[in-house]
Amino acid sequence: MELLFLGTSAGVPTRSRNVTAILLNLQHPTQAGLWLFDCGEGTQHQMLTTPFNPGKLDRIFISHLHGDHLFGLPGLLCSRSMAGNVQPLTLYGPKGLREFTETALRLSGSWTDYPMEIVEITAGEIVDDGLRKVTAYPLAHPLECYGFRIQEHDKPGALDANALKAAGVKAGPWFQDLKAGKTIVLEDGRTIHGADFLAPATRGKSVAIFGDTGPCASAIELARGVDVMVHETTLDASMEEKANSRGHSSTRQAAQLALDAGVGRLIMTHVSSRYDEKGCQRLLEECKAIFPDTELAHDFAIFSV
């Protein structure tokens, strides 16, 4: 998987940073996909400088309905249709997403020529496509807001064909059952357990993408043990009280969560427009003092998972 940040500013854009949007390129050899997390104003314009376009999106996840996470959605949906794309698209987000989307299209005389489903979510599993699942967790923000945990299913270990041959099991269509860990009975009456001939499973990759939030009880479960945690760092540690009063987190709180949850890496985003490049580096230093494996996202930054 690969994360591409299209916008990393909180609230309003700056000269160098647009408002929130993150692409997740699934990069699977047989079941590829391109997912978008939040869609702030100007997201489709940001995509023009990448190898991707809205037509390649198959799922869009909206954390909450504040404008800096949502106002780019109607334009993107219309451009996708005007380009002649007919591939289905599913939107996920809190209650109100359907009303917002349908009203924006209706009042502007717009439509989509592709199948579009809008799923208004609650906490819990919202997607399982057979290779990975997405679980939504409630966060602490003035509007209903969610974070998303993307978890690949573990990959079964390889079947040891040489060991089976040594055990007198001839190759055949039953190998598929054995590879799935099933038990078969041979013509000579012997019972062969597939699990006995499988290498250990490979753990699937995992990512936690937070919407806007102050500290909350569900955050630790959302992030626990993930390879990569994407979390807002709206304000520096000295402004923590102000951040929390508005449903946001400080650098210190994001880094401490990463430490407590045992994540692999922390990627900072959603930085207040009050910070210039030098100020952003100071935010990064505050996080790294608590959680060294921290990186600061900037627009068009790419991170492998």
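Residues numbered from 1 in each chain as written. Predicted model: local features only at pLDDT ≥ 70, side-chain atom pairs only at ≥ 80, totals over all residues. Heavy atoms only, no water.

Colleague: Looking at this model, I keep getting lost on the nonpolar core. Mind explaining?
Modeller: In a soluble, globular protein the nonpolar side chains are often hidden away together inside. Residues Phe210, Met229, Val263, Leu266 and Tyr275 are the most contacted members of the largest nonpolar core, which totals 28 residues. Counting residues per element, the ones that place at least two in this core are α6 (219-223), α8 (251-261), β15 (265-269) and α9 (277-290). Once residues lying within four places of it in the same chain are set aside, the contact partners of Val263 are Ala223, Val226, Met229, Ala258 and Phe291. Core analysis: the second largest hydrophobic core is formed by 27 residues, Met1, Phe37, Phe148 and Ala297 among them. (Core = buried A, V, L, I, M, F, W, Y, C linked by side-chain atoms within 4.5 Å. Buried < 20%, exposed > 50% of the residue type's maximum accessible area, 1.4 Å probe, protein only. Helix = DSSP H or I, 4+ residues; strand = E, 2+ residues; numbered from the N terminus. Contact = heavy atoms within 4.5 Å.)

Colleague: Is there a simple way to think about the sheet that holds strand β18 (residues 302-304) in this case?
Modeller: What holds strands together in a sheet is hydrogen bonding between their backbones, with the strands either parallel or antiparallel. Reading across the sheet, the seven strands line up as β7-β6-β5-β4-β3-β1-β18 and stay open at both edges, with mixed pairing between neighbours. Strands at the two margins of the open sheet, each flanked by one partner only, are β7 (116-120) and β18. Averaged over all pairs of adjacent strands, the angle between their axes in this sheet comes to 20 degrees, without regard to strand direction. Two elements, strand β3 (residues 21-25) and strand β4 (residues 34-37), share four bridges in a ladder whose sense is antiparallel. (Pairing = 2+ DSSP bridges. Axes fitted to C-alpha atoms, helices over the stretch in contact; angles between N-to-C directions.)

Colleague: Could you clarify how one ought to interpret α8 in this entry?
Modeller: Within an α-helix, residues lying three or four positions from one another point in the same direction, as the helix has 3.6 residues per turn. Inspection of α8 places Thr251, Gln253, Ala254, Ala255, Leu257, Ala258 and Ala261 among the buried residues, and these make up the whole buried set. In this structure, the buried residues of α8 make contact with α6, β14 (228-232), α7 (240-245), β15 and α9. Phi for Gly262, located one or two positions after α8, is positive at around 65 degrees.

Colleague: What should I look at first to understand the domain arrangement of the protein chain in this one?
Modeller: Interface size, as often reported, equals the accessible area lost upon joining of the parts. Domain annotation of the protein chain identifies domain 1 (1-153 + 201-302) and domain 2 (159-195). Averaged C-alpha coordinates put domain 1 and domain 2 at centres separated by 45 Å. (Domains from an automatic or database assignment.)

Colleague: What's the story with the pairing of strand β1 (residues 2-7) in this structure? I'm lost.
Modeller: In summary, the side chains of a regular strand alternate between the two faces of the sheet. Burial analysis of β1 places six of its six residues in the buried class, which makes it a mostly covered element. In terms of strand pairing, β1 meets β18 through three bridges, oriented antiparallel. In the strand pairing of β18, Leu4 is matched with Ile302. Inspection of the sheet shows β1 paired to β3 by five bridges, in the antiparallel sense. Across the sheet, Glu2 pairs through a bridge with Asn25, a residue of β3.

Colleague: Is there a simple way to think about the UniProt feature "binding site: Zn(2+) 1" (unreviewed entry) in the protein chain in this case?
Modeller: The sites that carry the UniProt feature "binding site: Zn(2+) 1" (unreviewed entry) are, in the present numbering, His64, His66, His141 and Asp212. In sequence the annotated residues extend across 149 residues, while in space they remain close, none of their C-alpha pairs exceeding 10.3 Å. Considering only the residues just annotated, the largest cavity is lined by Asp212. Within the fold, His64 resides in the loop between β5 (59-61) and α2 (73-82). Setting aside residues up to four positions removed in sequence, His64 forms contacts with Asp38, His69, Leu70, Pro94, His141, Glu144, Cys145 and Asp212. (UniProt positions renumbered as here; feature names shortened; annotations may be inferred. 1 Å grid on protein atoms, 1.4 Å probe; cavity = no way out; pocket = protein on both sides within 12 Å on 5 of 7 lines; lining within 4 Å.)

Colleague: When you look at the packing of α2 against helix α3 (residues 97-107) in this model, what are you seeing that I'm missing?
Modeller: A packed helix pair is summarised by two numbers, namely the angle formed by the two axes and the spacing between the axes. For the pair α2 and α3, the least separation of the axes is 10 Å and the interaxial angle reads 60 degrees. One finds that α2 runs oblique with respect to α3. The handedness of the crossing between α2 and α3 comes out as right-handed. Between α2 and α3, the contacting residues are Leu73, Pro74, Leu77 and Cys78 on the first element and Leu97, Phe100, Thr101, Ala104 and Leu105 on the second. For the contact of α2 with α3, the residue count by class is eight nonpolar, one polar and no charged. (Parallel < 35°, antiparallel > 145°, perpendicular 65-115°, else oblique. Left-handed = near helix turned anticlockwise from the far one by under 90°. Nonpolar A, V, L, I, M, F, W, Y, C, P; charged D, E, K, R; others polar.)

Colleague: Explain the UniProt feature "domain: Metallo-beta-lactamase" (unreviewed entry) in the protein chain here, please?
Modeller: Look at the UniProt record and you will see "domain: Metallo-beta-lactamase" (unreviewed entry) annotated at residues 203-270. In this annotation, residues 203-270 is assigned 32% helix and 21% strand; the end-to-end C-alpha distance for the span is 30 Å.

Colleague: What's the story with α3 in this structure? I'm lost.
Modeller: All of the buried residues along α3 are Leu97, Thr101 and Leu105. Axial view of α3: buried residues confined to an arc of 45 degrees, hence all on one face. In α3, the exposed residues that point more than 90 degrees away from the buried face are Glu99, Arg106 and Leu107. Buried-residue contacts for α3 involve α2, β6 (89-93) and β7. (Arc of directions from axis to C-beta.)

Colleague: Looking at this structure, I do not really get empty space enclosed by the protein. What am I missing?
Modeller: Tallied over the full model, the rule gives one cavity of 30 Å³ or more. Taken as a whole, the largest cavity encloses approximately 120 Å³ of empty space. For the lining of the largest cavity, the leading source of residues is β14, giving three residues. Within the lining of the largest cavity, the residues separate by chemical class into seven nonpolar, eight polar and three charged. (Points joined across faces, edges and corners; volume = space filled by probe spheres on them.)

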